[in-house]
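Observations on the three-dimensional arrangement
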Amino acid sequence: MAVFADLDLRVGSDLKALRGLVENAAHLGYSVVAINHVVEFKEKKQEIEKPVAVSELFTTLPIVQVSCTHLDVDLVCITVTEKLPFYFKRPPINVAIDRGVGFELVYSPAIKDSTMRRYTISNALNLMQVCKGKNIIISSAAERPLEIRGPYDVANLGLLFGLSENDAKAAVSTNCRAAILHGETRKTAFGIIATVKKPRSSEGDSDPPPACKKSKCED
Amino acid sequence: MPAPATTYERVVYRNPSEHHYMKVCLEFQDGAIALNAAQFKQLLVSALKDLFGEVDAALPLDILTYEEKTLSAILRICSSGLVKLWSSLTLLGSYKGKKCAFRVIQVSPFLLALSGNSRELVLE
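As the structure is a prediction and not an experimental result, all values here were calculated from the model. (Residues numbered from 1 in each chain as written. Chains lettered and ligands numbered in written order. Predicted model: local features only at pLDDT ≥ 70, side-chain atom pairs only at ≥ 80, totals over all residues. Heavy atoms only, no water.)

**A closer look at the overall build of chain B**
Helix and strand counts for chain B come out as three helices and five strands. In sequence order, the secondary structure elements of chain B are arranged as β-α-α-β-β-α-β-β. In terms of C-alpha radius of gyration, chain B reaches 20 Å, well past the compact-globule figure of 14 Å for 124 residues. Its C-alpha atoms give chain B principal-axis dimensions of roughly 80 × 45 × 20 Å. Residues classed as buried in chain B amount to 39% of the 124 residues present. Considering only intrachain contacts with a sequence separation of at least 6, the fraction spanning at least 24 residues in chain B is 69%. Of the roughly 8200 Å² of accessible surface on chain B, a fraction of 55% belongs to carbon and sulfur atoms. In chain B, the 13 positive side-chain charges and the 12 negative ones have mean positions that sit 4 Å from each other. (Helix = DSSP H or I, 4+ residues; strand = E, 2+ residues; numbered from the N terminus. Rg over C-alpha atoms; globule rule 2.2 N^0.38 Å. Buried < 20%, exposed > 50% of the residue type's maximum accessible area, 1.4 Å probe, protein only. Contact = heavy atoms within 4.5 Å. Areas by Shrake-Rupley, 256 points an atom, 1.4 Å probe, with all protein chains shown as cover. Lys, Arg positive; Asp, Glu negative; His and termini not counted. Charge placed at Lys NZ, Arg CZ, Asp CG, Glu CD.)

Set out below in structure tokens:
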């Protein structure tokens, strides 16, 4: 089973708060965490080891269509702080799912404010109607340790948003892992060959040359 | 000679447990606030009411044990109301203006399972 992941922790520049937040997430059961850095108007996600995935926040319809089909992103983050001024259309969403782009729903506004709760749930239900629960990730945009919830709690929230039980648990584990791997494959050619900065050949010819030569000689 | 046709009997066990049991703990941000059992129940009912309304606030919910020092409790809810109670506990953000969070430690349809955490069992 894929490990649980929370792919959205928002922290300012305070390192101690960040450490407390990550420790709290680990204590609750998350094995993988991604920290959001707000960069200009785009958001860049950074795994603790290395920068891998890129996610983008969108609010207007043209950006939606473009990002689903053309832009080189891994996750599309749905703003829940206001009523989305457009409806999701099925064609670009289907293209996005085929490309492997995931959709991210954030739940910490729902904890803070009751108006946000309504917007979160209504936007989530809207999205579910179109994409049928595929490639959905639920994460917290937590700034404080008390805003994170445990992975099974979040999977239960997925049930509220209209996901099936299977999809809800996948939204916290499998789909997160898929998004991270999707980010990694963007660095490689067709997901197979990766160049490594070491005095070794690339993974493409992973069979060690002596073995190949040996089999050729034996023919 | 062909073997006689085997007969199959299908036995379906529906979940015999009507209630689900949850072990929860309430965590406050700046130190613990004292809550007695009645206030705790009031908090749970108001959380259900905020998210789901009057009808679901009246779900048959019982607090089986409550420890005031650690603010932890074992709750019992009918199985149909588990998802609603669990999600309203998850989305509860504050109590009387102070930030808090519910940590759900264990959920099980059997009360005996709450006495130990089967995931931490060590088989010698």
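**Structural notes on the confidence of the model for chain B**
For chain B, the mean per-residue pLDDT works out to 85, and 90% of the residues sit at or above 70. Confidence estimates for the predicted assembly give a pTM of 0.75 and an ipTM of 0.78. (pLDDT = per-residue confidence, 0-100.)

**What to know about the packing of aromatic side chains**
Per the stated rule, a full pass over the model turns up four aromatic pairs over all chains. The structure contains a cluster of three or more aromatic residues connected by ring pairs, namely F40, Y66 and F102 of chain B. (Phe/Tyr/Trp six-rings, centres within 6.5 Å; stacked < 30°, edge-to-face > 60°.)

**Remarks on empty space enclosed by the protein**
Taken as a whole and judged by the stated rule, the model has two cavities of 30 Å³ or more. In terms of lining residues, the second largest cavity is bounded by R117 of chain A together with A47, D50, L51, S88, L91 and L92 of chain B. Per element, the largest residue contribution to the lining of the second largest cavity is three residues, and it comes from helix 1 (residues 37-52) of chain B. For the lining of the second largest cavity, the class distribution of residues is four nonpolar, one polar and two charged. (1 Å grid on protein atoms, 1.4 Å probe; cavity = no way out; pocket = protein on both sides within 12 Å on 5 of 7 lines; lining within 4 Å. Points joined across faces, edges and corners; volume = space filled by probe spheres on them. Nonpolar A, V, L, I, M, F, W, Y, C, P; charged D, E, K, R; others polar.)

**Things to note about the interface of chain B and chain A**
Contact with chain B, which involves 20 residues of that partner, is made by 16 residues of chain A. The junction of chain B with chain A conceals about 1700 Å² of combined surface from both sides, 59% of it contributed by carbon and sulfur atoms. Three residues, T90, L91 and R103 of chain B, lead the burial of chain B against chain A; their summed loss comes to 38% of the area buried on that side. Counting across the chain B and chain A interface gives zero salt bridges. The tally of links from chain B across to chain A stands at seven residue pairs in polar contact (both at pLDDT 80 or more). (Buried area = accessible area lost by both parts, 1.4 Å probe. Salt bridge = Lys/Arg side-chain N within 4 Å of Asp/Glu carboxyl O. Polar contact = N/O pair within 3.5 Å; in protein donor to acceptor, adjacent residues only side chain to side chain.)

**A look at the nonpolar core**
Y30, I93, F103, L105, Y107, L127 and I148 of chain A are the most contacted members of the largest nonpolar core, which has 42 residues in total. Ranked by residues supplied to this core, first place goes to helix 5 (residues 114-131) of chain A with five residues. Core analysis: the next-biggest nonpolar cluster, separate from the first, contains 27 residues, L59, L61, L85 and V104 of chain B among them. (Core = buried A, V, L, I, M, F, W, Y, C linked by side-chain atoms within 4.5 Å.)

**Some remarks on unusual backbone geometry**
Residues and elements named next belong to chain A. Unlike most non-glycine residues, K132 shows phi in positive territory, near 55 degrees. As for its position among the elements, K132 is in the loop between helix 5 and strand 7 (136-139). Residue class for K132 comes out exposed when judged on its relative accessible area of 53%.

**Things to note about the sheet that holds strand 4 (residues 94-95) of chain B**
Residues and elements named next belong to chain B. Strand order in the open sheet formed by five strands is 2-3-1-5-4, with antiparallel pairing between adjacent strands. What marks the edges here is a single partner per strand, and that holds for strand 2 (61-67) and strand 4. Across seven bridges, strand 1 (residues 19-28) lies against strand 3 (residues 72-78) in antiparallel orientation. Across the sheet, the residue bridging to M22 is L75, located in strand 3. Sitting on the sheet, helix 1 touches strand 1, strand 2, strand 3, strand 4 and strand 5 (98-108), and the angle it makes with strand 2 is about 135 degrees. In this fold helix 3 (residues 82-90) packs onto strand 1, strand 2, strand 3 and strand 5, with an angle of close to 5 degrees to the strand it touches most, strand 1. (Pairing = 2+ DSSP bridges. Axes fitted to C-alpha atoms, helices over the stretch in contact; angles between N-to-C directions.)

**Observations concerning the packing of helix 3 (residues 90-99) of chain A against helix 5 of chain A**
All names here are of chain A. Contact geometry of helix 3 with helix 5 gives a least axis separation of 9 Å together with a crossing angle of 75 degrees. By the angle class used here, helix 3 and helix 5 are roughly perpendicular. Between helix 3 and helix 5, the contacting residues are R90, I93 and I97 on the first element and L127, Q129, V130 and C131 on the second. Taken together, the residues of the contact of helix 3 with helix 5 break down into five nonpolar, one polar and one charged. (Parallel < 35°, antiparallel > 145°, perpendicular 65-115°, else oblique.)

**A word on the environment of V45 of chain B**
As for its placement among the helices and strands, V45 of chain B is situated in helix 1. On the basis of relative accessible area, V45 of chain B is assigned to the partly exposed category, the value being 25%.

**Section: the pattern of salt bridges**
When their charged atoms lie close together, side chains carrying opposite charge are able to pair. Residue and element names in this part refer to chain B. Tallying each qualifying case throughout the model produces five salt bridges over all chains. Here E54 and K49 are joined by a salt bridge, their closest N and O atoms 3.6 Å apart. Since its relative accessible area comes to 56%, E54 is described here as exposed. Note that D62 and R76 form a salt bridge whose closest N and O atoms lie 2.7 Å from each other. Taken as a pair, D62 in strand 2 and R76 in strand 3 lie far apart in primary sequence, 14 residues in all.

**Concerning helix 3 of chain B**
Burial runs high along helix 3 of chain B: seven of the nine residues are buried. Along helix 3 of chain B, the residues classified as buried are L82, L85, W86, S87, S88, L89 and T90 of chain B.

**Some points on the packing of helix 1 of chain B against helix 3 of chain B**
Two quantities define a packed helix pair, namely the angle between the axes and the distance from one axis to the other. Residues and elements named next belong to chain B. Put simply, helix 1 and helix 3 touch, their axes get as near as 9 Å, and they point 95 degrees apart. Put simply, helix 1 runs roughly perpendicular to helix 3. Contact residues: L44, A47, L48, L51 and F52 in helix 1; K84, L85, S87, S88 and L89 in helix 3.

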